[in-house]
Amino acid sequence: MKTAVLFFMAVLAIAGAAEAEDAPGRELFSDSFEKPELGAAWKVVEGNWKVEEGALTGRGGGLIVLQTPPGGRFSMEFEIQFPNTWMSVIPCYTAPESYGTLYFGGGYWESFEMVGKDIADYRQRKDPQIVTTSGSHRIKVVSEYGLLSFTFDGHAKGPAAIAFRPGSRVAFRTLPGASVCRIKNLRLVQLGPDISQAVSQLTAAEVAKGIVFQDYRQSGKPGAADRLKVDLQSGEAALKYEFDSGKNFESCFVRLPVEAAQSRAIFLDVEGDGTRNDFFVIVHDASGEQHLVMSTGIAWSGWQDVGVNLGAFLKSPEQNERLVIHWGGDHNQRIDFPIRTLDIGVVKRGIRTADQGQFRFRNVRFVN
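The text that follows walks through the structure, step by step, so that each part is easy to find. Along each chain, residue indices are assigned from 1 in the same order as the chain's sequence is written. A pLDDT threshold of at least 70 governs which residues receive local features in this predicted model, and a stricter bar of 80 or more applies before side-chain atom pairs are shown or counted, although totals over entire chains, interfaces and linings include all residues. Hydrogens and waters are ignored; side-chain quantities use all the structure's heavy atoms.

### Looking at the environment of Gly-106
Stated precisely, the cut-off is as follows: Labels follow the DSSP assignment, with helices taken as runs of H or I lasting at least four residues and strands as runs of E lasting at least two, numbered in each case from the N terminus. Each residue's exposure class comes from its accessible area (1.4 Å probe, protein chains only) as a fraction of the maximum for that residue type: buried when under 20%, exposed when over 50%, partly exposed otherwise. Residues are treated as being in contact if the distance between any of their heavy atoms lies within 4.5 Å.
With respect to the helices and strands, Gly-106 occurs in the loop between β6 (98-105) and β7 (108-115). Look at Gly-106 and you get partly exposed, because its relative accessible area is 45%. C-alpha separation for the pair Gly-106 and Thr-85, spaced 21 residues apart in sequence, amounts to 8.7 Å. With residues near it in sequence (within four places) discarded, Gly-106 still touches Ile-130 and Thr-132.

As structure tokens, this is what we get:
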């Protein structure tokens, strides 16, 4: 069970629909596609994309990326004429084989993750208000560190949860052989600062109490070599790992004792190594149940803000659904506060570019 957990970030549906309301922020990018050529901010990854008749136009299938990272809190809005097949509106893209998407087809909307050539965390919603067969439609997507809501022609939809990928961008993808797709009047806004209050924040001395584990193995009482290395002045902690070159499961993580009351998110700064191994965060609640709250490929290098939205973990799944991202404890599949332990680590990933590396982290805080 624990092995499977670290490869999949299943999506939890929360009852009700979250409205994508206007929020103050800073405009990062806008394009009305009045110029006859694509701007430098756009990157065509696959297919044939060009500007025609005041619209970003794709034919025959393809993938196009806006090279402007919006951060964890943002909105994107646009008008769209859908192709004759399903298509992806991608709020969280890092590579052609690594992204989280909203997927639209007549009468349905879906959310899922692309992990290599595999689809993970697939959720489908039947919705007669999702009309894609004729005319132009207005969509606005709001992302709160991977917890998504959106409006479709003014109708509020969501929420949906996808793995937040630090440094990610937004993108559009149509299927091979698709008919024409037209996108107009796109606007990307970085939302205003999060005014949430910290419930608790780990000091460097508290982080230094962390114990490093390899694949959950720990023989006897932890020794000095098993202690996390922490710079007590900067508060930065470093976790080195070295996996073998095979396909067998391997992970390395630090287990931190914490005492965090009711929280809606966890924030930390993480310096990635760009290896595309998976970075993950697991919380242990008051009952001892463990919850995989984040799992994403380390596609970034340098320091990035990492946000873990806990909103999808505050209620048990409907209809007694059993998900592999929860195990142990009272098995109610929701976080029972206070959070008592935090695991931060890395797991070997099939599309990795290296078997060894190091990530550093600092400024771990729980907010409400």
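### A word on the sheet that holds strand β20 (residues 278-284)
In plain terms, the rule: Pairing between strands requires that DSSP locate at least two bridges from one strand to the other.
Strand order in this open sheet of 6 strands is β15-β18-β24-β20-β21-β23, and the pairing throughout is antiparallel. Where the open sheet ends on each side, the last strands, each with one partner, are β15 (211-214) and β23 (326-327). Relative to strand β24 (residues 339-347), β20 runs antiparallel, the two being bridged by 7 bridges. The partner of Val-283 across the bridge, within β24, is Leu-342.

### Some thoughts on the side chain of Thr-132
Relative to the assigned elements, Thr-132 resides in the loop between β8 (118-126) and β9 (137-144). With a relative accessible area of 10%, Thr-132 lands in the buried category. Residue contacts for Thr-132: discarding those within four places in its chain leaves Phe-82, Pro-83, Phe-104, Gly-105, Gly-106 and His-137.

### A word on the pattern of salt bridges
Where we set the bar: Salt bridge criterion: a side-chain nitrogen from Lys or Arg within 4 Å of a carboxyl oxygen from Asp or Glu.
Scanning all chains against the criterion turns up 21 salt bridges. A single salt-bridge network, built from bridges that share partners, covers Glu-27, Glu-77, Glu-79, Arg-138 and Arg-187.

### Remarks on the pairing of strand β11 (residues 155-161)
The element β11 is largely enclosed, with a buried count of 5 among its 7 residues. Pairing of strand β10 (residues 147-152) with β11 involves 5 bridges; the strand directions are antiparallel. Residue pairing across strands places Phe-150 opposite Lys-157, the latter belonging to β11. Hairpin remark: β10 followed by β11, antiparallel, with 2 residues in the connecting loop; positive phi at Asp-153, about 50 degrees.

### A few points about the packing of aromatic side chains
Note the cut-off: Ring geometry is summarised as follows: Phe, Tyr and Trp rings, the Trp one being its six-membered ring, pair when their centres sit within 6.5 Å, and such pairs are stacked at plane angles under 30 degrees, edge-to-face over 60 and tilted between the two.
Tallied over the entire structure, the rule returns 20 aromatic pairs. Between Tyr-93 and Tyr-99, the ring centres sit 6.3 Å apart and the planes meet at 25 degrees, which makes this aromatic pair stacked. Comparing Tyr-93 with Tyr-99, the two get one shared label, buried. Between the aromatic rings of Phe-279 and Trp-300, the centroid separation amounts to 6.5 Å while the plane-to-plane angle is 75 degrees, which identifies the pairing as edge-to-face. Taken as a pair, Phe-279 in strand β20 and Trp-300 in the loop between β21 (290-297) and β22 (301-309) lie far apart in primary sequence, 21 residues in all.

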